[in-house]
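Chain and residue survey
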Amino acid sequence: MAQNAPFQAVVDALLDNGTTFPPRYLHRFSNIAPADLALLLKAWPQISTKRKHTLLEDLEELAETDTLTNFDDMAHPLLKDADPQVRIRAIRLLWESEDTKLVPIFLEILNEDPDAEARAAAANALGLFVYQGELGKIPAELHHRIEEALLKVLDSSKDVLVRRRALESLGYSGRAEVIPLIEAAYHDKNPDWVVSSLFAMGRSSDEHWKKQVLAKLHAPDDDIRSEAIHAAGELELASARPILLESLEDDEDLELRRELIWALSKIGGEGVRAKLEQ
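Right, let's walk through the structure included here. (Residues numbered from 1 in each chain as written. Predicted model: local features only at pLDDT ≥ 70, side-chain atom pairs only at ≥ 80, totals over all residues. Heavy atoms only, no water.)

1. Focus on the nonpolar core
- Formed by 90 residues in total, the largest nonpolar core has its most connected members in Phe29, Leu40, Met74 and Leu110.
- Once residues within four sequence positions are removed from consideration, Met74 is found in contact with Phe29, Ile32, Leu37, Leu40, Trp44, Leu55, Leu56 and Leu59. (Core = buried A, V, L, I, M, F, W, Y, C linked by side-chain atoms within 4.5 Å. Buried < 20%, exposed > 50% of the residue type's maximum accessible area, 1.4 Å probe, protein only. Contact = heavy atoms within 4.5 Å.)

2. Focus: the pattern of salt bridges
- By the definition in use, this model includes 10 salt bridges.
- For the salt bridge of Arg119 with Asp159, the shortest nitrogen-to-oxygen distance reads 2.3 Å. One end of the pair, Arg119, is in helix α7 (residues 116-125); the other, Asp159, is in the loop between α9 (140-156) and α10 (160-170), and 40 residues separate them in sequence.
- Since its relative accessible area comes to 26%, Asp159 is described here as partly exposed.
- Ionic contacts of the salt-bridge type, sharing partners, join the residues Glu147, Glu148, Arg175 and Glu177 into one network. (Salt bridge = Lys/Arg side-chain N within 4 Å of Asp/Glu carboxyl O. Helix = DSSP H or I, 4+ residues; strand = E, 2+ residues; numbered from the N terminus.)

3. Topic: unusual backbone geometry
- Phi at Asn31 takes a positive value of approximately 50°, unusual for a residue other than glycine.
- Within the element layout of this structure, Asn31 appears in the loop between α1 (7-15) and α2 (34-43).
- Taking the relative accessible area as the measure of exposure, Asn31 reaches 52% and is therefore exposed.
- Residue Ser205 is not a glycine yet carries a positive backbone phi of 55°.
- Looking at the element boundaries, Ser205 is found in the loop between α12 (191-203) and α13 (210-215).
- On the basis of relative accessibility, which here comes to 68%, the residue Ser205 falls in the exposed class.

4. Topic: a negative patch on the surface
- There is a patch of like negative charges on the surface, built from Asp192, Asp222, Asp223 and Asp253.
- The residue Asp192 is located in helix α12 in this model. (Patch = residues over 30% accessible without salt bridge, like charges linked within 9 Å, V, L, I, M, F, W, Y side chains within 5 Å. Areas by Shrake-Rupley, 256 points an atom, 1.4 Å probe, with all protein chains shown as cover. Lys, Arg positive; Asp, Glu negative; His and termini not counted. Charge placed at Lys NZ, Arg CZ, Asp CG, Glu CD.)

If you want it as structure tokens, here you go:
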């Protein structure tokens, strides 16, 4: 049994590039024991780059399908790894962690990491803590510090992806200056900015954005339309129901249909149950 094997066997399997890493070992990294983590970190420099990336990608997929897994203890030390892809994947494994000790690390990555994708991942991860701050679950000073850092990055970063992720995280914020920033992104000629603006609108819990979201439900750009559908669901816009029901009847794109079904399940109301059952 994989759970009964000594953890050294797991490490040895990681070091063996001649054979595929056994999927049965993946659960061994969840809630990893301190002694096992020490073994892993000692061997980590000798593990091939490809094997590291594949392992972390597999753990991310496992975390999505098995909500009982927790890779926080493993991911935390990897935030300092020399490989930017390892840092990025470690951040992704920590996206649902509410441990405020992560905030200073994410802020450091956001402001100082040489890799733009890593900075964008940190900006994304900080969104959870903006949300926690809005709920009063973290100290107000820390909440304010996160918002200020994201606002600064949004204003000054040269990397579009970093700025977009900062805006998306600020979607949770109730600060007045965020509204015109979302508005500006919504009217940008770059469709990627429109997608990010709709993402932020969906996170805002503010029907102020109803008109903008409804206007994009028939957008010719699939990414924009998909994000508008998601935002309509997040905001539970009853006025979007007829449009979404009609779209579900006509649309053949599988991903858009999934988004439509999700949004309608959030909105509910007349005709939704029958359509979903159908």
